[in-house]
Amino acid sequence: RTLRYVPESSQDKIIADEDVFETLLKTFKALFVNDFSRQADILALLPEVKCQYLELLTVAQKQSEVNSCNHQGQQHVFTPEEVLFNTLGFTVSRDQSSLVSAGTGVFVTKGFVPKGTVVSMYPGTVYRKHEPIFFQSLGNPFIFRCIDGVLIDGNDKGLSRSVYRSCSRRDQLGPFQMSDESWLTATPQNPLAVGQYVNNCSHEKAANVCYQEFDVPGHFPVELKQYLPNIVYSHDTESHLRCVVLVSLRDIKQGEELFSNYYTVVS
């Protein structure tokens, strides 16, 4: 086992929360614009922001026409992975790990990840210290423990899957989805939501990413919450939604597998 030493919980930040927020905002806006044709119900209830997205759509269409020589005036729809590459300059995806008997891992499949970049997110149901998770935890290797004791269940199968889907549909407000269920499938709409499959580092494979906790601020755009791969277990909680992102510790090249550090000691 390897250990990552954190002097104080307040120092467990590789990059500023503002940088995490801006990265997620940039990526989610690009996904929203790419999926613009399916956002009519949401935009009908948000006329004040519709103009902003129409401007972004116009820019995206012009860029698409330049790249594809398509002058038909129709929006070209990219895959989520293509959106991620066009927005952040890289794509990540799940594949067989390079470690023997490690199962699934996560790789940079295209592009280049600079040091200090949000490279993925850890999806799942968020549990506070006092909330029941015993049955979900049985034989479950996907439970992430935050520094303050908050737990995130990133298992996409069994009881964990059912709990997440139930909580997600519970919190939906009309056309507004408060979270993303697609990470439970093989084709997540948020291509960053694969962090639960990042394998632990070893003496041969040093960590190139690390976990960083991020509380989603109250002013996060409601129309973009459909891409957040986390949901709170208790509906009546007033605290901010906890997310965990993985941040690159160094430059990561195309073809490299991501490795994190599972064991953190907080002094």
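All of these numbers come straight from a predicted model, not from anything done at the bench.

1. Here we look at the overall build of the chain
Scanning the chain from terminus to terminus reveals 6 helices and 13 strands. Each of the 267 residues in the chain was classed as buried or not, and the buried ones make up 48%. For the chain, restricting intrachain contacts to residue pairs at least 6 apart in sequence, the fraction spanning at least 24 positions comes to 76%.

2. Let's talk about the nonpolar core
Nonpolar side chains in soluble globular proteins generally cluster together in the buried interior. Ranked by internal contacts, the top residues of the largest apolar core, which has 56 residues, are Phe 28, Tyr 53, Val 92, Val 119, Leu 224 and Leu 258. Looking at which element gives the most residues to this core, the answer is helix α1 (residues 17-34), with 8 residues. The residues touching Leu 224, leaving out its near neighbours within four places in the chain, are Leu 25, Phe 28, Lys 29, Phe 32 and Tyr 53. With 10 residues, the next largest nonpolar core counts Ile 133, Trp 183, Leu 184 and Ala 193 among its residues.

3. Some remarks on the sheet that holds strand β7 (residues 151-153)
What the 4 strands build is an open sheet, ordered β6-β7-β5-β10; its pairing is mixed. At either margin of the open sheet sits one strand with a lone partner, and together these are β6 (143-145) and β10 (230-232). Within the sheet, the average angular offset between the axes of one strand and its neighbour, ignoring direction, is 25 degrees. The pairing of strand β5 (residues 124-127) with β10 spans 3 bridges and is parallel. Note on β10: the bridge partner recorded for Gly 124 is Asn 230.

4. Things to note about the side chain of Asp 156
With respect to the helices and strands, the residue Asp 156 is situated in the loop between β7 and α6 (158-170). Not counting residues within four places of it along the chain, the set of residues in contact with Asp 156 comprises Arg 94, Arg 161, Trp 183, Leu 184, Gln 196 and Tyr 197.

5. As for the sheet that holds strand β4 (residues 118-122)
Sheet architecture is open: 3 strands sit in the order β4-β11-β9, paired in antiparallel fashion. In this open sheet, the two strands that pair with only one neighbour each are β4 and β9 (209-215). Averaged over neighbouring strand pairs, the angle between their axes works out to 30 degrees when direction is ignored. Here 4 bridges tie β4 to strand β11 (residues 242-248), and the two strands are oriented antiparallel to one another. Bridge pairing in β11 places Ser 120 opposite Leu 246. Sheet contacts for α1: β4, β9 and β11; angle to β9, the most-contacted strand, approximately 90 degrees.

6. Focus: the pairing of β11
Among the 7 residues in β11, 7 count as buried, and that is most of the element. Pairing geometry for β9 and β11, over 7 bridges, is antiparallel. Residue Gln 212 lies in a different strand from β11, and its bridge partner there is Val 245.

7. Structural notes on unusual backbone geometry
The phi angle of most residues is negative, glycine excepted, and most peptide bonds adopt the trans form. One non-glycine residue, Ser 101, adopts positive backbone phi at about 60 degrees. Summarising the element assignment, Ser 101 is placed in the loop between β2 (90-96) and β3 (104-111). What makes Ser 101 exposed here is its relative accessible area of 75%.

About the thresholds
Residues numbered from 1 in each chain as written. Predicted model: local features only at pLDDT ≥ 70, side-chain atom pairs only at ≥ 80, totals over all residues. Heavy atoms only, no water. Helix = DSSP H or I, 4+ residues; strand = E, 2+ residues; numbered from the N terminus. Buried < 20%, exposed > 50% of the residue type's maximum accessible area, 1.4 Å probe, protein only. Contact = heavy atoms within 4.5 Å. Core = buried A, V, L, I, M, F, W, Y, C linked by side-chain atoms within 4.5 Å. Pairing = 2+ DSSP bridges. Axes fitted to C-alpha atoms, helices over the stretch in contact; angles between N-to-C directions.

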